[in-house]
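Report on the structure
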Amino acid sequence: MGTSVQVTPLSGAYGEGPLSYLLAVDGFRFLLDCGWTDLCDPSQLQPLAKVAPTIDAVLLSHPDVMHLGALPYAMKHLALSAPVYATEPVFRLGLLTMHLNGTILGSFVRPAVLITDAYNALNNQVYKRKQDQNFVDALVKVLASGGSVLLPVDTAGRVLELLLILEEYWNQRNLKNVTLIINKEELEKWGDAPKVVLASMASLEVGFSHDIFVEMANDAKNLVLFTEKGQKISALQFGTLARMLQVDPPPKAVKVTVSKRIPLVGDELKAYEEEQERIKKEEAVKASLIKEEELKASHGLNAKASDPMAIDGSTSRKSSNAGSHFGANVDILIDGFVPPSTSVAPMFPFFENTAEWDDFGEVINPDDYMMKQEEMDTLMFGPGDGLDGKIDEGSARLLLDSTPSKVISNEITVQVRCSLVYMDFEGRSDGRSVKSVIAHVAPLKLVLVHGSAEATEHLKMHCAKSSDLHVYAPQIEETIDVTSDLCAYKLGEHEIAWLDAEVGKEDEKLILLPPSSPPPPHKSVLVGDLKLADFKQFLANKGWQVEFAGGALRCGEYITVRKIGDSVQKGGAGSQQLVIEGPLCEDYYKIRELLYSQFYLL
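Every value quoted in this text rests on a predicted model; they were computed, and no experiment measured them. (Residues numbered from 1 in each chain as written. Predicted model: local features only at pLDDT ≥ 70, side-chain atom pairs only at ≥ 80, totals over all residues. Heavy atoms only, no water.)

Regarding its fold elements, the protein chain presents 18 helices and 27 strands. The buried share of the protein chain, taken over its 602 residues, is 30%. Restricting the contact set of the protein chain to residue pairs at least 6 apart, pairs at least 24 apart contribute 69%. Put simply, the protein chain shows about 39200 Å² of open surface, and 55% of that area lies on carbon and sulfur atoms. (Helix = DSSP H or I, 4+ residues; strand = E, 2+ residues; numbered from the N terminus. Buried < 20%, exposed > 50% of the residue type's maximum accessible area, 1.4 Å probe, protein only. Contact = heavy atoms within 4.5 Å. Areas by Shrake-Rupley, 256 points an atom, 1.4 Å probe, with all protein chains shown as cover.)

So, in structure tokens, the structure goes:
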């Protein structure tokens, strides 16, 4: 029997919403991503709430809101307590080098099940050089006419790539034309001068980009250039303001919510101070009760010590043994000093090291090894060059002000007269690339997720043309069984597998029946036909020094791989074997493992 595999979309199926999928492998339940939208609507997490307590592990694939935005909420409110796993780039909010590096598909073994998305199945991008040139041309055209450009970006995404494109155009190497600002007041100092502003968030729902859009949208000279699609909940419901503005034709006016923080005054300030005073009193009472409990516990431990005539039997016995060294037994009386009633420790405080130990040694406290914020600033910016040198008085007041305040929100109508352009800089594979990858990997079964209904159906119909590929496109909360017999493989046009059965007869025909007793185990067989030239290229891609010598493949300094066996016979090939020669060293086992990876184990 093969490994039992079931897939259940919790979000992002037949739509472009946040990604979240339940993958069950032999009963072990993985949560693949835990995304949310910038709107933070708890109703979107209802499918996740039903299964969150049963999750065994969480796997995160990308460092953005669409892939992990709901994780903190699920941990606190949905009883999700499973360990979370992610690659180092995801954990570090993405590294540019990892975005630019490709995947070597040649190293893939044909998978039984491939789960992929249909997000860009209907889109074919222009080549990168042409796309970068179109991007720069659009910006230069607006700046030359006296307008400004707003680029709503995700700071954990491809913003660095956009900065590098702009820097390359201005022929600088130290990002001298990029000015870091942390509030709108600094931006207003530039006045109406033409400028390119990269601001978060990409959705235009919150953040600097939201406020700047409200100010720039009414001027026809300005341009808002979107570098990602944004979220779309359904065919009739846009997930974000950014996605709403990307429709064709764009809306002439949109309603947005403008929020502002103002200090509390009058009755509101009085009520706030009274509430804070009540909270402080409750905390003081709790602290007092805790201290009293500690005092009672310490008095109980010191009760014998406070009695001048008390004799500690255990101490006496130990002392007697110790005193025998001097030829007599001596009982020790605790006498003299009596600790006051408020004392927690005896006369000289003693703190015992009660470190916990397990099978691996002393249990450490991770907090002891955490870097402080000042140390991190020094490490990142250098001494005296952190945020302190970049924050002006207004910014410091904004960050450090503890004055009681509240947020008021008003809905206003914004006239959209500026230009709106979308250029795809998300770094996703387009439709042409997705189809090519699927054809190259050649999975036995394909599961399509995350894409509009049109894109999903298009890719499903395209892949279904392959006669030996089973294609699935489940709806949200629909569970599909994609269990495959992992002992079955294709050789050319034929599939091979181990078959344990008994031969029977029915209607004058031979049939196969289930075995009446447990079948004996079979020896493992490596299935495949490996050419040494192909294996040489595979090892070279892995960084090994390889060369042919005397008809054999020399791998590194000590290991040799050669083919031996009968010569080719008429009507077919003779039996051949692959032999690994060399000492039993670390390289030997590494080469053997890489050699086995080129075959199917049956």
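Read on for the rest.
Turning our eyes to something else, we now look at the sheet that holds strand E14 (residues 419-422). An order of E8-E7-E9-E14 is seen for the four strands of this open sheet, with the pairing classed as parallel. Two strands in the sheet have a free side with no partner beyond their single neighbour: strand E8 (196-199) and E14. Neighbour-to-neighbour, the strand axes of this sheet turn through a mean angle of 20°, independent of strand direction. In this sheet, E14 lies alongside strand E9 (residues 223-226) in parallel orientation, the contact comprising four bridges. Bridging across to E14, leucine 223 finds its partner in serine 419. Most of the contacts of helix H6 (residues 128-144) go to E9, to which it runs at about 165°, and overall it touches strand E7 (149-152), E8 and E9. (Pairing = 2+ DSSP bridges. Axes fitted to C-alpha atoms, helices over the stretch in contact; angles between N-to-C directions.)

Taken in spatial order, the three strands of this open sheet run E6-E15-E16, and their pairing is parallel. Of all the strands in the sheet, the pair left with one neighbour each is strand E6 (113-117) and strand E16 (470-472). Recorded for the sheet is a direction-independent mean angle of 20° between the axes of neighbouring strands. Where E6 lies against strand E15 (residues 445-449), five bridges are found, and the strand directions are parallel. By the bridge assignment for E15, valine 113 is matched with lysine 445.

The next subject is the nonpolar core. Of all hydrophobic cores here, the largest spans 19 residues; its most connected members are Leu150, Leu204, Ile212, Phe213, Leu241, Leu245 and Val254. Residue assignment for this core shows that the elements contributing at least two residues are E8, helix H9 (207-216), E9, helix H10 (241-244) and strand E10 (253-263). The element contributing the most residues to this core is H9, with three residues. Residues contacting leucine 245, with those up to four places away along its chain left out, are Leu204, Phe213, Phe226, Pro250, Pro251, Val254, Val416 and Leu420. Membership of the second largest hydrophobic core comes to 18 residues, among which are Leu10, Cys34, Val51 and Val58. (Core = buried A, V, L, I, M, F, W, Y, C linked by side-chain atoms within 4.5 Å.)

So, on to helix H15 (residues 431-441). Buried within H15 we find Gly431, Val434, Ile438 and Val441. Axial view of H15: buried residues confined to an arc of 105°, hence all on one face. Opposite the buried face of H15, by more than 90 degrees, sit the exposed residues Ala439 and His440. Looking at the packing, one finds that the buried side of H15 touches E6, E15 and helix H16 (453-464). (Arc of directions from axis to C-beta.)

All right, on to the pairing of E15 then. Burial within E15 is extensive, with five of its five residues counted as buried. Because side chains alternate across E15, one face comprises the buried residues Lys445, Val447 and Val449, and the other comprises Leu446 and Leu448, equally buried. Across three bridges, E15 lies against E16 in parallel orientation. What sits directly across from valine 447, in E16, is tyrosine 472.

Moving on, we come to unusual backbone geometry. Residues other than glycine predominantly adopt negative phi, and peptide bonds predominantly adopt the trans conformation. Cis geometry marks the peptide bond from serine 200 to methionine 201, where omega comes out at 15°. Mapping methionine 201 onto the fold places it in the loop between E8 and H9. Phi is positive for alanine 79, close to 65°, though the residue is something other than glycine. By the element assignment, alanine 79 lies in the loop between helix H3 (71-77) and strand E5 (84-86). Located in the positive-phi region is leucine 204, a residue other than glycine, with phi close to 65°. Mapped onto the elements of the fold, leucine 204 is located in the loop between E8 and H9. You can call leucine 204 buried: its relative accessible area is 0%.

Attention now moves to the pairing of strand E20 (residues 502-506). With five bridges joining them, E20 and strand E21 (residues 509-513) adopt antiparallel strand pairing. Its bridge partner being in E21, valine 503 is matched across the sheet by leucine 512.

On inspection of all chains with the given rule, the structure shows five aromatic pairs. With 5.1 Å between their ring centres and 50° between their planes, tryptophan 36 and tyrosine 73 make a pair best called tilted. Of this pair, tryptophan 36 sits in the loop between strand E3 (28-32) and helix H1 (46-51) while tyrosine 73 sits in helix H3, and the two are 37 residues apart along the sequence. Tryptophan 36 gets classed as buried once you look at its relative accessible area, which sits at 6%. Both rings, one in tyrosine 588 and one in tyrosine 589, keep their centres 5.4 Å apart while their planes meet at 90°; by these two values the pair is edge-to-face. (Phe/Tyr/Trp six-rings, centres within 6.5 Å; stacked < 30°, edge-to-face > 60°.)

Scanning the entire structure with this criterion turns up ten salt bridges. A salt bridge links glutamate 16 to arginine 243; the nearest nitrogen and oxygen atoms lie 2.5 Å apart. On the criterion of sequence distance, the pair formed by glutamate 16 in the loop between strand E1 (5-11) and strand E2 (20-25) and arginine 243 in helix H10 is long-range, its members being 227 residues apart. Here glutamate 16 and arginine 243 have matching classes, each one buried. Each of Lys128, Asp132 and Glu161 takes part in a single network of salt bridges with overlapping partners. (Salt bridge = Lys/Arg side-chain N within 4 Å of Asp/Glu carboxyl O.)

Looking now at the packing of H15 against H16. Remark: H15 packs on H16, axes separated minimally by 11 Å, with the N-to-C direction vectors making an angle of 35°. In this structure, the crossing between H15 and H16 has a hand that is right-handed. Of the residues in H16, those touching H15 at Val434, Lys435 and Ile438 are His458, Leu459, His462 and Cys463. By residue class, the composition of the contact of H15 with H16 is four nonpolar, two polar and one charged. (Left-handed = near helix turned anticlockwise from the far one by under 90°. Nonpolar A, V, L, I, M, F, W, Y, C, P; charged D, E, K, R; others polar.)

Mean pLDDT over the protein chain works out to 77, with 73% of the residues at or above the 70 mark. Highest mean pLDDT in the protein chain belongs to E9 (94); lowest belongs to helix H5 (residues 96-100) (34). In the model, residues 94-103 has pLDDT below 50 throughout and makes eleven contacts with residues more than four positions away in sequence or in other chains. (pLDDT = per-residue confidence, 0-100.)

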